[in-house]
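Structural characterization, general
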Amino acid sequence: MRELPIPDGIEDDPSATEMIRVWIANNDIQVSMLLGMWADTDNFDIDEKQAWGELLADLIRHIANGMNQSHGWNKDETELTIANSLLTHLGYGENTVEGQYKK
């Protein structure tokens, strides 16, 4: 199994929280997520769905930045291409996601 390294500085933060892992395995996308973290917190008034949207947007920015550094791709164009692809793939076909949420 090929795992990615943990980013620098994460081990130094006692409140660091892993939110999502994604693998391509067995010819499919496999996902493990920490759901409910924002909804269950007592310290903040955060909408869980909005927070996941922000997390995904930030992830797209990180992907675009990484592709700029590794392949020289334009960040803005890459962000827009990924966002458009995301919306396209959300909007067609039946919901084919399977699996169970495990706490």
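Residues numbered from 1 in each chain as written. Predicted model: local features only at pLDDT ≥ 70, side-chain atom pairs only at ≥ 80, totals over all residues. Heavy atoms only, no water.

Observations concerning the overall build of the protein
Across its full length, the protein holds 3 helices and 2 strands. In sequence order, the protein lays out its α and β elements as β-β-α-α-α. Referenced to the eigenvectors of the C-alpha coordinate spread, the extents of the protein come out at roughly 40 × 40 × 35 Å. For the protein, with 103 residues in total, the buried portion stands at 9%. Considering only intrachain contacts with a sequence separation of at least 6, the fraction spanning at least 24 residues in the protein is 11%. About 9,500 Å² of surface is accessible on the protein, with carbon and sulfur atoms providing 52% of the total. With 7 positive and 19 negative side-chain charges, the protein shows a separation of 4 Å between the mean positions of the two kinds. (Helix = DSSP H or I, 4+ residues; strand = E, 2+ residues; numbered from the N terminus. Buried < 20%, exposed > 50% of the residue type's maximum accessible area, 1.4 Å probe, protein only. Contact = heavy atoms within 4.5 Å. Areas by Shrake-Rupley, 256 points an atom, 1.4 Å probe, with all protein chains shown as cover. Lys, Arg positive; Asp, Glu negative; His and termini not counted. Charge placed at Lys NZ, Arg CZ, Asp CG, Glu CD.)

Thoughts on the pattern of salt bridges
Any two side chains of opposite charge can pair if their charged atoms end up close together. In this structure the tally under the stated criterion is 3 salt bridges. Here Glu 18 and Arg 21 are joined by a salt bridge, their closest N and O atoms 2.7 Å apart. A salt bridge links Asp 58 to Arg 61; its shortest N-O distance comes to 3.6 Å. Within this pair, Asp 58 and its partner Arg 61 are both found in helix 2 (residues 48-71), separated by 3 residues, close to a single helical turn. (Salt bridge = Lys/Arg side-chain N within 4 Å of Asp/Glu carboxyl O.)

Let's talk about the confidence of the model for the protein
When pLDDT is averaged along the protein, the result is 90; 97% of the residues meet or exceed 70. Per-element confidence in the protein is highest for helix 2, whose mean pLDDT is 96, and lowest for helix 1 (residues 37-40), whose mean pLDDT is 83. (pLDDT = per-residue confidence, 0-100.)

Points about the pairing of strand 1 (residues 20-25)
As judged from the 6 bridges shared by strand 1 and strand 2 (residues 28-33), these two strands associate in the antiparallel manner. Across the sheet, the residue bridging to Ala 25 is Asp 28, located in strand 2. The turn linking strand 1 back onto strand 2 is made up of 2 residues, and Asn 26 within it adopts a positive phi angle of 55°. (Pairing = 2+ DSSP bridges.)

Focus on helix 3 (residues 75-90)
Look at helix 3: 22 Å from first C-alpha to last across 16 residues, which is about the 22 Å you get at 1.5 Å a residue. A distance of 3.0 Å separates the backbone nitrogen of Asp 76 from a side-chain oxygen at the start of helix 3, and that oxygen is part of Asn 74. (Expected span 1.5 Å × (residues − 1). Polar contact = N/O pair within 3.5 Å; in protein donor to acceptor, adjacent residues only side chain to side chain.)

A word on the environment of Val 97
Relative to the assigned elements, Val 97 resides in the segment after helix 3. C-alpha separation for the pair Val 97 and Ser 70, spaced 27 residues apart in sequence, amounts to 31 Å.

Some words on the packing of helix 2 against helix 3
It is at 8 Å that the axes of helix 2 and helix 3 come closest, and there the two elements cross at 135°. As summarised for this structure, helix 2 and helix 3 are arranged oblique, according to the angle between their axes. As helix 2 runs across helix 3, the sense of the crossing is right-handed. Contacts between helix 2 and helix 3 involve Ile 60, Arg 61, Ile 63, Ala 64, Asn 65, Met 67 and Asn 68 on the former and, on the latter, Lys 75, Thr 78, Glu 79, Ile 82, Ala 83 and Leu 86. Split by residue class, the contact of helix 2 with helix 3 holds 7 nonpolar, 3 polar and 3 charged. (Axes fitted to C-alpha atoms, helices over the stretch in contact; angles between N-to-C directions. Parallel < 35°, antiparallel > 145°, perpendicular 65-115°, else oblique. Left-handed = near helix turned anticlockwise from the far one by under 90°. Nonpolar A, V, L, I, M, F, W, Y, C, P; charged D, E, K, R; others polar.)

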